[in-house]
Amino acid sequence: MKTLGVTGGIGSGKTTVCGFLEEKGARVFYADIEAKRLMQDDASVRAEISETFGDAVYTDDGALNRAVLAEQVFGDADRLEQLNAIVHPRVFESFAAARERAVEEEVDLLVHEAALLFEAGGDAHVDVTAAVVAPDEARVARVAERDDVAPEKVRARMEHQLPQGELRRRADHVLENDGSLEDLRQKSVELYWTVVES
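Read on for a plain summary of the structure.

Calculation notes
Residues numbered from 1 in each chain as written. Predicted model: local features only at pLDDT ≥ 70, side-chain atom pairs only at ≥ 80, totals over all residues. Heavy atoms only, no water. Helix = DSSP H or I, 4+ residues; strand = E, 2+ residues; numbered from the N terminus. Rg over C-alpha atoms; globule rule 2.2 N^0.38 Å. Buried < 20%, exposed > 50% of the residue type's maximum accessible area, 1.4 Å probe, protein only. Areas by Shrake-Rupley, 256 points an atom, 1.4 Å probe, with all protein chains shown as cover. Lys, Arg positive; Asp, Glu negative; His and termini not counted. Charge placed at Lys NZ, Arg CZ, Asp CG, Glu CD. Pairing = 2+ DSSP bridges. Arc of directions from axis to C-beta. Contact = heavy atoms within 4.5 Å. Axes fitted to C-alpha atoms, helices over the stretch in contact; angles between N-to-C directions. Phe/Tyr/Trp six-rings, centres within 6.5 Å; stacked < 30°, edge-to-face > 60°. Lys NZ or Arg CZ within 6 Å of the ring centre and 35° of its normal.

Across its full length, the protein carries nine helices and five strands. The helix and strand sequence of the protein, counted from the amino end, reads β-α-β-α-α-α-α-β-β-α-α-α-β-α. Computed over the C-alpha atoms, the radius of gyration of the protein is 18 Å, within 12% of the 16 Å expected from 2.2 N^0.38 for a compact globule of 198 residues. In the protein, which comprises 198 residues, the share counted as buried stands at 40%. If you sum the accessible surface of the protein, you get close to 10600 Å²; carbon and sulfur atoms cover 49% of it. Put simply, the protein has 23 plus and 40 minus side-chain charges, and the middle of one group is 2 Å from the middle of the other.

Burial within strand 3 (residues 109-113) is extensive, with five of its five residues counted as buried. The alternating pattern of strand 3 places Leu109, Val111 and Glu113 and Leu110 and His112 on opposite faces, both of which are buried. As paired elements, strand 1 (residues 2-8) and strand 3 share five bridges and run parallel to each other. When the bridges of strand 3 are listed, Val6 appears paired with Glu113. Bridging between strand 2 (residues 27-30) and strand 3 involves four bridges; their strand directions are parallel. Pairing of Tyr30 across the sheet is with Glu113, part of strand 3.

Attention now moves to helix 2 (residues 31-41). Within helix 2, the full set of buried residues consists of Ala31, Glu34, Ala35, Leu38 and Met39. Projected onto a plane normal to the axis of helix 2, the buried residues spread over an arc of 135° and lie on a single side. Residues Ile33 and Asp41 are exposed on helix 2 and point more than 90 degrees away from its buried face. In this structure, the buried side of helix 2 is in contact with strand 2, helix 3 (43-53), helix 4 (66-73), helix 5 (77-104) and strand 3.

Turning our attention to the sheet that holds strand 5 (residues 173-176). One open sheet holds the five strands; their spatial order is 2-3-1-4-5, and the pairing between them is parallel. The sheet is open, and its two borders are formed by strand 2 and strand 5, each paired with just one other strand. Averaged over all pairs of adjacent strands, the angle between their axes in this sheet comes to 25°, without regard to strand direction. Packing of helix 2 onto the sheet brings it into contact with strand 2 and strand 3, and relative to strand 2 it is tilted by some 50°. Each of strand 1, strand 3, strand 4 (128-133) and strand 5 touches helix 9 (residues 181-196); the most contacted strand, strand 5, lies at about 170° to it.

Moving on, we get to the packing of aromatic side chains. Taken as a whole and assessed by the stated rule, the structure comprises two aromatic pairs. With a centroid separation of 5.3 Å and an interplanar angle of 65°, the aromatic rings of Phe29 and Phe95 are classed as edge-to-face. Remark: Phe95 occurs in helix 5 and Phe29 occurs in strand 2; sequence separation between them is 66 residues. Taken individually, Phe29 and Phe95 each receive the classification buried, so the pair is uniform in this respect. Relative to Trp193, the ring of Tyr192 lies with its centre 5.0 Å away and its plane at 85°, an arrangement referred to as edge-to-face. In this structure, Arg46 is placed above the aromatic ring of Tyr58, and the distance from its NZ or CZ to the ring centre is 4.2 Å.

On to the environment of Thr3, then. Along the chain, the position of Thr3 falls in strand 1. For the pair Thr3 and Lys187, spaced 184 residues apart in the sequence, the C-alpha separation amounts to 18 Å. Ignoring anything within four residues of it in the chain, the contact list for Thr3 reads Phe95, Arg99, Leu109, Leu110, His125, Val126, Asp127 and Val128.

Take a look at the structure:
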């Protein structure tokens, strides 16, 4: 079995690529979804977050108060690092468990999808990496429509992510999402076979 890390900036199309890989039979581990699940459901993660950021980060009914947490970490690199130090190691533990299951179930390709693959050190946990990149204006338009937010807000979020040039430099494979959906599907299929047969 092979493991592939897939990343890309906001609006690049990385989730779409993962969907195409799933169509080919790959299993996809969505790191961001797992991180949210851990912060909500894992007792030890909840305890550490409460201890570090205060009890107000969880509401009276036990839900994570994302607004309160975001207020503390947004724009504060040290606080964000504290949060990541709690969550990222647990996400990697979950991925290791997913890898064991995938091996047992004879899955050909396990994909680790993460917006912060390189920043979090996720690339060390997979065999190869792929970055999905797209023209900035297309990304802004896509996210503005999808999330119903102003283009300036999308650009502000993009500024907090690795530049696409850096993603191109660090990834083993680069998928240029600059054509039709069918083009992207074809590139995803080629990526699948390249990794599985390598």
